[in-house]
Amino acid sequence: MALLRTKLKRASWLAFACIPMLLPNVASALEFRSIAVPKAVLYDAPSAQGKKTFILAQGYPVEVIVNLGDWLKVRDAQGSLNWVESQQLATKRTVLVKGGQADLRQTADANSALLGRLDKDVVLDMLEPPANGWIKVKHRDGLTGYVLSSSLWGF
C-alpha cells in the first residue's frame with residue numbers, strides 16, 4: 001500500500017510539473033512591455049474585427065498575460081484585460097505612478113534630496129530594475145532619480 005501511495009504521489013507531481021509545457025503560449029509571470037505607437041487600440045478579442053475597448057498612449061506599461069504571436073492579452077494598471085496587436089508593443093520598460101504623488105529622489109534613500117513630485121499616471125522610463133525598494137527612473141523631460149517601488153506600477 002505504501003508503494004502504491006508513493007507511485008501515485010510521483011505520478012501526480014509529474015502531471016503537475018508538466019502543465020507549463022502544455023501551455024507554451026501563456027506568458028511567464030510578470031512580463032511587462034510598453035505601448036510603442038502613439039495610440040494603440042485595444043480589443044475585447046484577438047482580432048481587428050473584435051470590439052474596440054479603448055486606446056492607450058505611447059509609453060504606457062502593460063503586463064502580458066497571454067501571447068498568441070500576433071496578438072497579446074494584456075492587463076493595464078487598473079486591472080482591465082484586453083487584446084492588442086503585438087506589433088504595437090515595445091520591450092522598452094516603463095512604469096506608471098499609482099495613487100497620489102510620488103517623490104523623485106536623487107539617490108535610493110528617503111532622506112536624499114527631493115528632485116520633484118510626480119503626479120498620478122505619469123509614465124517614466126525604468127532605467128534599472130527594483131533594488132531595496134527603489135527604482136531608478138527617467139522622466140520624459142530628462143530628470144533622472146529614484147522612486148519608491150511601492151509608488152509605481154509596471155515592473
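Look up a bit, the structure's there.
Below is a short write-up of the structure. Keep in mind it's a predicted model, so treat the numbers as computed, not measured.

**A look at the overall build of the protein**
Helix and strand counts for the protein stand at one helix and 14 strands. When each of the 155 residues of the protein is scored for burial, the buried share is 32%. Restricting to contacts in the protein with at least 6 residues of sequence separation, those with at least 24 account for 50%.

**Let's talk about the packing of aromatic side chains**
Taken as a whole and assessed by the stated rule, the structure comprises two aromatic pairs. Ring centres of tyrosine 43 and tryptophan 71 lie 5.5 Å apart, and the angle between their planes is 80 degrees; on these two criteria the pair is classed as edge-to-face. Here the residue tyrosine 43 occupies a position in strand β2 (residues 39–43), and tryptophan 71 occupies one in strand β5 (residues 71–75), the gap between them amounting to 28 residues. By relative accessible area, tyrosine 43 is classed as buried at 8%.

**A look at the environment of leucine 143**
Residue position: leucine 143 is located in the loop between β12 (134–138) and β13 (144–148). Leucine 143 gets classed as partly exposed once you look at its relative accessible area, which sits at 40%. Non-local contacts of leucine 143, meaning those with residues more than four positions away in its chain, are made with Leu104, Leu115, Val137 and Lys138.

Basis of the calculations
- Residues numbered from 1 in each chain as written.
- Predicted model: local features only at pLDDT ≥ 70, side-chain atom pairs only at ≥ 80, totals over all residues.
- Heavy atoms only, no water.
- Helix = DSSP H or I, 4+ residues; strand = E, 2+ residues; numbered from the N terminus.
- Buried < 20%, exposed > 50% of the residue type's maximum accessible area, 1.4 Å probe, protein only.
- Contact = heavy atoms within 4.5 Å.
- Phe/Tyr/Trp six-rings, centres within 6.5 Å; stacked < 30°, edge-to-face > 60°.

So yeah, pure geometry; function would need other evidence.
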